[in-house]
Amino acid sequence: MKPIYPCVWTTNQARDAAEFYTQVFPDSKILESNDMTSIWSSYGQTFMCLNGGPMFQPNPSISFYTLLPNEQEINRVWEKLKEDGEILMDLGAYPWSNLYGWVKDRFGVSWQLDNFCPEAIEDRFAPAFMLTGDNFGNAEEAIQYYTSIFPDSSVKFISRYGEEAGSQRGKINHAQFFLNGQLFVIMESNMDHQFTFSEGISMVIPCQNQEEIDHYWHSLTQEGDESQCGWLKDKYGVSWQVVPQNLGKLIQEKGQPVIDAFLKMKKFDLKVLENL
């Protein structure tokens, strides 16, 4: 199975966003760009930018925990991301890191930069879920939920708020876990955040066969919601795209009939697409 990767919804700025990020982050390049999407990578990890129009916007409910061990590099990335953006937490020393900061960039995407990089962690980017509002208190359940669905899953560690945290006491302030061998972060907060999960950032699951498509679709839509073209929301409101990993190849080989067919689908029917 190919790694899960994030999709950032843009107001028809996908190419501009991809070009911006490849100028910001080290070891980065644009892999593919067309009228609908621009796909880029950094440190071998993939991101998609989607031309979706003004319907949805990214927000800090999903940010990207970014591990950059070089202090000079993290300062350079910080300066570029904050330009025309918004600082959510100043870059500086904190109890968990000697150099950390949280910033929202010009496209509304949030990044948590940290120069504490354990040797055992290869991923430089980890999607970070923030459970707020009605989701507060569900972080530990969410970890169990996601790790029960995806293969090669495990919990790295769970850190909790202390006695001094009042109503947040004992809740998760930072936890790390693996899905399909890939690092994820989860947090929860009962502060009055003016955001929650939306299609502004979704997670793409490339599937190699119908069996995988069926598994993820049925597992994630239980207590969730189905949408069109492989999109769904899970029980916490996180958006996922369950797609064939060879979809791009099918479109390239068969053209518009493939697009016309999957636009009518909720869950992808791979056999139908392959037999067009």
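Note that the structure is predicted; figures quoted are calculated from it, not measured.

A. Representation of the overall build of the protein chain in the model. What the protein chain contains, in helices and strands, is 7 helices and 16 strands. When its C-alpha atoms are laid out on the principal axes, the protein chain stretches across 60 × 40 × 35 Å. Classification of the 276 residues of the protein chain by burial places 51% in the buried group. The long-range fraction of contacts in the protein chain, counting pairs at least 24 apart against all pairs at least 6 apart in sequence, stands at 62%. When the accessible surface of the protein chain is split by element, carbon and sulfur atoms take 46% of a total near 13000 Å². Taking the 21 positively charged and 37 negatively charged side chains of the protein chain as two groups, their mean positions are separated by 3 Å.

B. Here's a closer look at the sheet that holds strand E14 (residues 225-226). In spatial order, the strands read E2-E3-E4-E1-E13-E16-E15-E14; together these 8 strands make up an open sheet with mixed pairing. For this open sheet the edge positions go to strand E2 (28-33) and E14, each flanked by a neighbour on one side alone. Where strand E3 (residues 37-42) lies against strand E4 (residues 45-51), 6 bridges are found, and the strand directions are antiparallel. Note on E4: the bridge partner recorded for Thr37 is Leu50.

Reading the values: rules and limits
Residues numbered from 1 in each chain as written. Predicted model: local features only at pLDDT ≥ 70, side-chain atom pairs only at ≥ 80, totals over all residues. Heavy atoms only, no water. Helix = DSSP H or I, 4+ residues; strand = E, 2+ residues; numbered from the N terminus. Buried < 20%, exposed > 50% of the residue type's maximum accessible area, 1.4 Å probe, protein only. Contact = heavy atoms within 4.5 Å. Areas by Shrake-Rupley, 256 points an atom, 1.4 Å probe, with all protein chains shown as cover. Lys, Arg positive; Asp, Glu negative; His and termini not counted. Charge placed at Lys NZ, Arg CZ, Asp CG, Glu CD. Pairing = 2+ DSSP bridges.

These values are about where atoms sit, not about what they do.
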